[in-house]
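Single-letter residue listing:
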Amino acid sequence: LASACLVLFLSAEQAPAKIEVVPVAGPVYMLQGGGGNIGVVADEAGLLLIDAMFERTADGVREAIKPLPGGGQVRLLVNTHWHADHTDGNKAFGPKAVIVAHENVLALLAKDQTLMGGTTKALPAGALPVITFPDKLTVYAGGQAIRLVHFPHAHTDGDTVVFFDGLKIVHMGDMFFNGMFPFLDVANGGDIRSWVGDLDTILSGLPADAKIIPGHGPLAGVAELSARTSGVRLTS
């Protein structure tokens with residue numbers, strides 16, 4: 001019985017992830033099922049992806065985005081932070097896409113890192129960001145101006161939150177886990193006090209009907225993000 005359970009477990013580990021496509025608004029979609037949630041901006045000129053899951057999920061991601069306008073090509077890839085469940089897929093998409101991230105993310109991805117008792121190997125050159133920024137950057141896809149804003153010392157010290165102001169959408173990466181408390185990477189700049197303050201800042205600028213793509217968990221709204229911040233009480 002134990003052997004049979006082990007075989008089933010290993011088969012499940014090796015099975016390709018089923019990727020679900022969730023419409024958000026306009027040309028924006030969310031992909032779930034194989035790592036950190038991916039944001040997608042459909043554009044006939046080529047897609048913009050926000051995060052890339054794992055390399056092993058790339059075929060599932062490609063199949064999921066294929067029916068979308070521009071789905072045959074990923075033109076731009078934004079990394080919200082450095083963790084492998086959001087960036088390992090760079091190895092699959094990076095060679096044909098322009099990768100954008102905060103400058104601290106490049107520094108972390110370019111070297112082997114230790115995290116939670118394991119080693120995350122440095123990404124190859126073709127999977128590294130080629131455009132970095134210190135504070136803010138605006139990119140354009142799907143007819144939208146898309147703001148990339150760095151929030152230091154939150155989940156990590158390289159977090160980027162992606163704002164679609166015209167569509168009232170925000171992709172928060174692992175700054176927000178919907179329905180669960182996030183892991184804070186303290187060894188690489190994560191800080192709970194700063195994180196709570198950043199969430200309050202983000203909330204204060206969102207309309208009441210905004211849609212929020214979390215790093216993990218289902219598509220959310222302001223109520224879910226507000227519940228996460230109100231659930232944390234800090235004392236000096």
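To keep things clear, this report deals only with the structure shown in the data block.

1. Description of the nonpolar core
Across soluble globular proteins, nonpolar side chains have a tendency to be buried as a group. In this structure, M172, M175 and L206 are the most contacted members of the largest nonpolar core, which totals 21 residues. Contributions of two or more residues to this core are made by β11 (144-151), β12 (159-164), α6 (192-204) and α7 (222-230). Take this core: its biggest share by element is five residues, from α6. Ignoring sequence-local partners within four residues, the contact set of L206 consists of F163, V170, I212, V222 and L225. Grouped together as the second largest cluster of nonpolar side chains are 20 residues, L49, I65, A97 and I99 included.

2. Remarks on the pattern of salt bridges
Overall, the coordinates contain seven salt bridges when judged by the stated rule. Put simply, D112 and K121 hold a salt bridge, and the shortest N to O gap is 3.1 Å. For D112, a relative accessible area of 42% gives the class partly exposed. One salt-bridge network, held together by shared partners, links E55, D88 and K91.

3. Regarding the layout of surface pockets
Put simply, the largest pocket is a space of about 190 Å³. Taken together, R62, I65, G71, G72, Q73, V74, A92, F93 and K96 make up the lining of the largest pocket. When grouped by side-chain class, the residues that make up the lining of the largest pocket number four nonpolar, three polar and two charged. Every residue lining the second largest pocket is listed: F54, H83, A84, D85, L115, M116, T120, H155, D174, F177, F183 and H216. Here the residues of the lining of the second largest pocket sort into six nonpolar, four polar and two charged.

4. Examining the sheet that holds strand β4 (residues 47-50)
If you trace the seven strands from one edge of the open sheet to the other, you get β1-β2-β3-β4-β5-β6-β9, paired in mixed fashion. With partners counted over all chains shown, the strands left at the sheet margins are β1 (20-25) and β9 (131-133), one partner each. Put simply, the sheet's adjacent strands are angled 20° from each other on average, direction ignored. Where strand β3 (residues 38-41) and β4 come together, three bridges link them in antiparallel fashion.

5. As for the pairing of β3
Across the two faces of β3 the burial is the same, with I38 and V40 and G39 and V41 all buried. With four bridges connecting them, strand β2 (residues 28-32) and β3 associate as antiparallel partners. Following the sheet pairing, V28 is matched in β3 by V41. Turn length for the β2-β3 hairpin, with the two strands adjacent in sequence and antiparallel, is five residues, and the turn residue G33 shows positive phi of about 125°. If you look at the hairpin formed by β3 and β4, you'll find five residues sitting between the two strands, and G46 has a positive phi there, around 130°.

6. A look at unusual backbone geometry
Not every positive phi belongs to a glycine, and D51 is a case in point at roughly 75°. You will see that M53, though not glycine, has its phi angle at about 55°, which is positive. Topologically, M53 is positioned in the loop between β4 and α2 (58-65).

7. Details of the environment of L77
Looking at the secondary structure, you find L77 in strand β5 (residues 74-78). With 38 residues separating them along the chain, L77 and G39 place their C-alpha atoms 9.8 Å apart.

Conventions and cut-offs
- Numbering of residues starts from 1 in every chain and runs along the sequence as written.
- A pLDDT threshold of at least 70 governs which residues receive local features in this predicted model, and a stricter bar of 80 or more applies before side-chain atom pairs are shown or counted, although totals over entire chains, interfaces and linings include all residues.
- Side-chain metrics rest on all non-hydrogen atoms present in the structure, leaving aside hydrogens and water.
- We call a set of buried residues a nonpolar core when its members are Ala, Val, Leu, Ile, Met, Phe, Trp, Tyr or Cys and they connect through side-chain atoms within 4.5 Å of each other.
- Throughout this description, buried means an accessible area under 20% of the type-specific maximum (1.4 Å probe, protein chains only), exposed means over 50%, and partly exposed covers the range between.
- Each helix is a run of DSSP H or I of at least 4 residues and each strand a run of E of at least 2, with the numbering of both proceeding from the N terminus.
- In what follows, residue pairs with any heavy atoms lying within 4.5 Å of each other are defined as contacts.
- Salt bridge criterion: a side-chain nitrogen from Lys or Arg within 4 Å of a carboxyl oxygen from Asp or Glu.
- Definitions used for this entry: grid spacing 1 Å over protein atoms alone; cavity, a set of points where a 1.4 Å probe fits but cannot get out; pocket, an open set with protein on both sides within 12 Å along at least 5 of 7 lines; lining residue, one with an atom within 4 Å of a point.
- Grid points are joined across faces, edges and corners, and a volume is the space filled by probe spheres set on the points.
- Just so you know the grouping, Ala, Val, Leu, Ile, Met, Phe, Trp, Tyr, Cys and Pro go in nonpolar, Asp, Glu, Lys and Arg go in charged, and all remaining residues, Gly too, go in polar.
- Think of it this way: DSSP has to see at least two bridges between two strands before they count as a pair.
- Note on method: axes are straight lines fitted to C-alpha atoms, helices fitted across the in-contact stretch only, with angles between N-to-C directions ranging 0 to 180 degrees.

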